[in-house]
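An overview of the molecular structure
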Amino acid sequence: MRGNNRRMLGKLAVITMMMFGFGYALVPLYEAVCDALGINVLSLSERNATGAGMGTAANTQIDRSRTVTVEFDANARGPWDFKPAVRSLEVHPGELTTVMYEFKNTQNRAMSAQAIPSYAPKQAMPHFNKLECFCFNEYQLQPGEAKQWPVVFYVDPKLPRDVRTITLSYTFFEVGGKPVAQQSPESQSAEPRVKAPS
């Protein structure tokens, strides 16, 4: 009986040692297989992070064979200044781009307002993707308050090739019938939340 127990104990010890050895050898084995197949994403990112200039891999989804002109338009339905920081940009489809819009309440009263976007030509709308936008959110602007809010977007590479210009137009208007409370100086300095569209 004791002999059987010793043999079982010996077998368990050998299995434990083999499992430990397998776990220890798994990391270099994984790296060798991934390097051979060219799928070692983690190692590539580590090499880029430690390489000269802290380089990152290029975005292969950008169509650099063509450019699209994106024009920015701003319409104010109310007594405030509303304009884009730039009137137009040349972008490659798939390229992530940020443009700022500037707002200023020129009234001597607080106002609640929001913006609605539109696109031209209409067939460009499903190909214009906004990742961050102030549109469809209501904002409170105190008397004389000025803000800058971003629009982060990219044009889908599937945009038809005959579309060379897209106009992104915003209409900024006051939301009526809602009382706007006066804010303290501390809360006036707080930036509004900007949500990415779903």
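None of these values were measured; they are calculated from a predicted model.

About the cut-offs
Within any chain, residue numbers begin from 1 and follow the written order of that chain's sequence. With the structure being a predicted model, the display of local features is reserved for residues of pLDDT at least 70 and the display and counting of side-chain atom pairs for 80 or more, all residues being used for whole-chain, interface and lining totals. Values reported for side chains reflect all heavy atoms of the structure, with hydrogen atoms and water molecules removed beforehand. Each helix corresponds to a stretch of at least 4 residues labelled H or I by DSSP, and each strand to a stretch of at least 2 residues labelled E; elements are numbered beginning at the N terminus. Count a disulfide wherever a pair of cysteine sulfur atoms falls within 2.5 Å. Think of it in three bands: residues with accessible area under 20% of the maximum for their type are buried, residues over 50% are exposed, and the middle band is partly exposed, with areas taken using a 1.4 Å probe on protein chains only. Think of a salt bridge as a Lys or Arg side-chain nitrogen and an Asp or Glu carboxyl oxygen that are within 4 Å of each other. Two strands are said to pair when DSSP picks up at least two bridges between them. Think of each axis as a best-fit line through the C-alpha atoms, taken over the contacting stretch in the case of a helix, with angles from 0 to 180 degrees between the N-to-C directions.

Another point: unusual backbone geometry. For the bond running from Ala 120 to Pro 121, omega is -5 degrees, close enough to zero to count as cis. Summarising the element assignment, Pro 121 is placed in the loop between strand 5 (111–120) and strand 6 (128–132).

This part covers the state of the cysteines. The final tally for this structure, using the stated rule, is one disulfide. The side chain of Cys 133 participates in a disulfide bridge whose partner is Cys 135; the two sulfur atoms lie 2.3 Å from each other. For the pair formed by Cys 133 and Cys 135, the shared burial category is buried.

This part takes up the pattern of salt bridges. The tally for this structure, following the rule as stated, stands at five salt bridges. Its salt-bridge partner being Arg 66, residue Asp 63 comes within 3.2 Å of it at the nearest N-O pair. Glu 145 is paired through a salt bridge with Lys 147; the nearest N and O atoms lie 3.5 Å apart. For the residue pair Glu 145 and Lys 147, the accessibility class agrees, reading buried in each case.

Taking strand neighbours across the sheet as the criterion, the four strands line up as 2-4-8-6 in an open arrangement whose pairing is antiparallel. The sheet is open, and its two edges are formed by strand 2 (80–84) and strand 6, each paired on a single side. Strand-to-strand twist of the sheet, defined as the mean angle between neighbouring strand axes without regard to direction, takes the value 30 degrees. One ladder, built from four bridges, connects strand 6 with strand 8 (residues 146–155); its direction is antiparallel. Across the sheet, the residue bridging to Phe 128 is Val 155, located in strand 8.

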